[in-house]
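Read off the chains here:
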Amino acid sequence: MKTAIEQQPQVQVRVRTRSRFKISWTSIAFLTPAIVCFLLFKYYPLIQAVYMGFFDYKVINPPGKFVWLDNYKYLIHSTEFWNALKNTFAFFFIYFVLTFWVPIVQAVLLNEIKFASKTLRSLYLLPTAVPAVAGYLLWKWLYNPDYGLLNYLLHFIGLGPYGWLNDPATAKWSIVLPGVFATGMGMLIYYSALQGIPSENIEAAKIDGAGPWRRMRSIVFPSLKFIIGIQFISFISGVFLTFDPMYIMTGGGPANSTRTLSMLVFNSSFKEFRFGVAGAISFVMFAIIAIITFVQIKISNRD
């Protein structure tokens, strides 16, 4: 027979060990240079631009006269600023239509091709090896209305000649068009994401009778949702900060039809020496990008 002590239920006592917080100095050593670079070349210029926007900033004797919100009031009444803002949003729409979806389509098609896929990936990435300035100069020569190759080729099929960069109606589209052929990095990102989709899901959809479009809509695009959202945020800032193609190919013309906010910042600061106005424009650009990014993140989280 069991004694009274043996009949009592056994109570297990768990000893809690206090976990020690360990600092990974190796991780800190690797992260410190990146953090310092971000602070010096990202956040400090942003804070400096906001600071300059409240002054009639003088480089020789900074910061100059404190003008409070006069620079922002000047922008509100400036037709040049509103025209540049309109052109920036027009470029955003054209870039979205012509370039944003191109790498997604390329990645989906390349994912379906099993023959010579490595060679095709290399060919897609090849244009990114060309320096941007050299590429824009090459396209500027192609667009030349007198001796450009595009008008020469269109002449054989009875079209043209076109003004391309000299016509306000076609200048924006002509500037964006080279970007269609420089989407190799975006294609590679989407292609890598597609490789992470389990092949069993695709095969099961095929067995169930799902066609190509149904598989895209039900399996492929939901799997790319997060990557598309991240790329869209990067796309927004990239378009609003784009400066090289407009400056090299048109200089903001014709008739200021391609002058964007980034070009207005350059002209206000380094040509007109109105650094306070340039700082105010920079802050407006930051605010627009931040608002669009916030809305996009909210919509993504809701879905």
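Now for a quick tour of the structure. (Residues numbered from 1 in each chain as written. Predicted model: local features only at pLDDT ≥ 70, side-chain atom pairs only at ≥ 80, totals over all residues. Heavy atoms only, no water.)

## Comments concerning the overall build of the chain
Then, number 1: Across its full length, the chain holds 16 helices and two strands.
Then, number 2: Computed over C-alpha atoms, the radius of gyration of the chain comes to 28 Å, more than 25% over the 19 Å expected from 2.2 N^0.38 for 303 residues, which places it beyond the range of a compact globule.
Then, number 3: With respect to the principal axes defined by its C-alpha atoms, the chain has extents near 110 × 65 × 35 Å.
Then, number 4: Considering the chain as a whole, with its 303 residues, one finds that 34% of them fall into the buried category.
Then, number 5: A sequence separation of at least 24 residues applies to 64% of the contacts in the chain between residues at least 6 apart.
Then, number 6: Entry remark: accessible area of the chain is about 20,400 Å², with carbon and sulfur atoms responsible for 67%. (Helix = DSSP H or I, 4+ residues; strand = E, 2+ residues; numbered from the N terminus. Rg over C-alpha atoms; globule rule 2.2 N^0.38 Å. Buried < 20%, exposed > 50% of the residue type's maximum accessible area, 1.4 Å probe, protein only. Contact = heavy atoms within 4.5 Å. Areas by Shrake-Rupley, 256 points an atom, 1.4 Å probe, with all protein chains shown as cover.)

## Some thoughts on the packing of aromatic side chains
When we look at a pair of aromatic rings, we describe it by the centre distance and by the angle of the planes.
Then, number 1: For the structure shown, the criterion picks out 33 aromatic pairs.
Then, number 2: Centroid distance F92 to F235: 5.7 Å. Interplanar angle 45°. Geometry classified as tilted. Of this pair, F92 sits in helix 4 (residues 79–100) while F235 sits in helix 13 (residues 225–240), and the two are 143 residues apart along the sequence. For the pair shown, F92 and F235 are each scored as buried.
Then, number 3: Each member of the aromatic cluster is reached from another via a ring pair, and the members are Y51, F54, F55, F66, W68, Y72, F283 and F286. (Phe/Tyr/Trp six-rings, centres within 6.5 Å; stacked < 30°, edge-to-face > 60°.)

## Here's the deal with unusual backbone geometry
Then, number 1: Residue P62 is joined to P63 through a cis peptide bond whose omega torsion reads 0°.
Then, number 2: In this fold, P63 is placed in the loop between strand 1 (55–56) and strand 2 (65–66).
Then, number 3: Cis peptide bonds are those with omega within 30 degrees of zero, and the linkage from G253 to P254 qualifies with -5°.
Then, number 4: Tracing the backbone through its elements, the reader meets P254 in the loop between helix 14 (244–249) and helix 15 (261–271).
Then, number 5: Despite not being glycine, W164 has its phi angle at roughly 50°, a positive value.
Then, number 6: Turning to its location among the elements, W164 is positioned in the loop between helix 8 (149–155) and helix 9 (168–176).
Then, number 7: Look at W164 and you get buried, because its relative accessible area is 17%.
Then, number 8: Positive phi outside glycine occurs at N256, with the angle close to 60°.

## Here's the deal with the pattern of salt bridges
Then, number 1: Tallied over the full model, the rule gives three salt bridges.
Then, number 2: For E80, the salt bridge is made with R259, and the minimal N-O distance between the two is 2.5 Å. Separated by 179 residues along the polypeptide, E80 in helix 4 and R259 in the loop between helix 14 and helix 15 bring together distant segments of the chain.
Then, number 3: Look at R259 and you get buried, because its relative accessible area is 16%.
Then, number 4: Between R274 and E272 there is a salt bridge, with the nearest N and O atoms lying 2.5 Å from each other. (Salt bridge = Lys/Arg side-chain N within 4 Å of Asp/Glu carboxyl O.)

## Examining the side chain of S257
Then, number 1: Assignment of secondary structure puts S257 in the loop between helix 14 and helix 15.
Then, number 2: Within the structure, S257 has its side chain in polar contact with the backbone oxygen of P254 (distance 2.7 Å).
Then, number 3: S257 has contacts with N87, P168, A171, K172 and G252, leaving out every residue within four places of it along the chain. (Polar contact = N/O pair within 3.5 Å; in protein donor to acceptor, adjacent residues only side chain to side chain.)

Remember that the coordinates give geometry; whether it matters functionally is a separate question.
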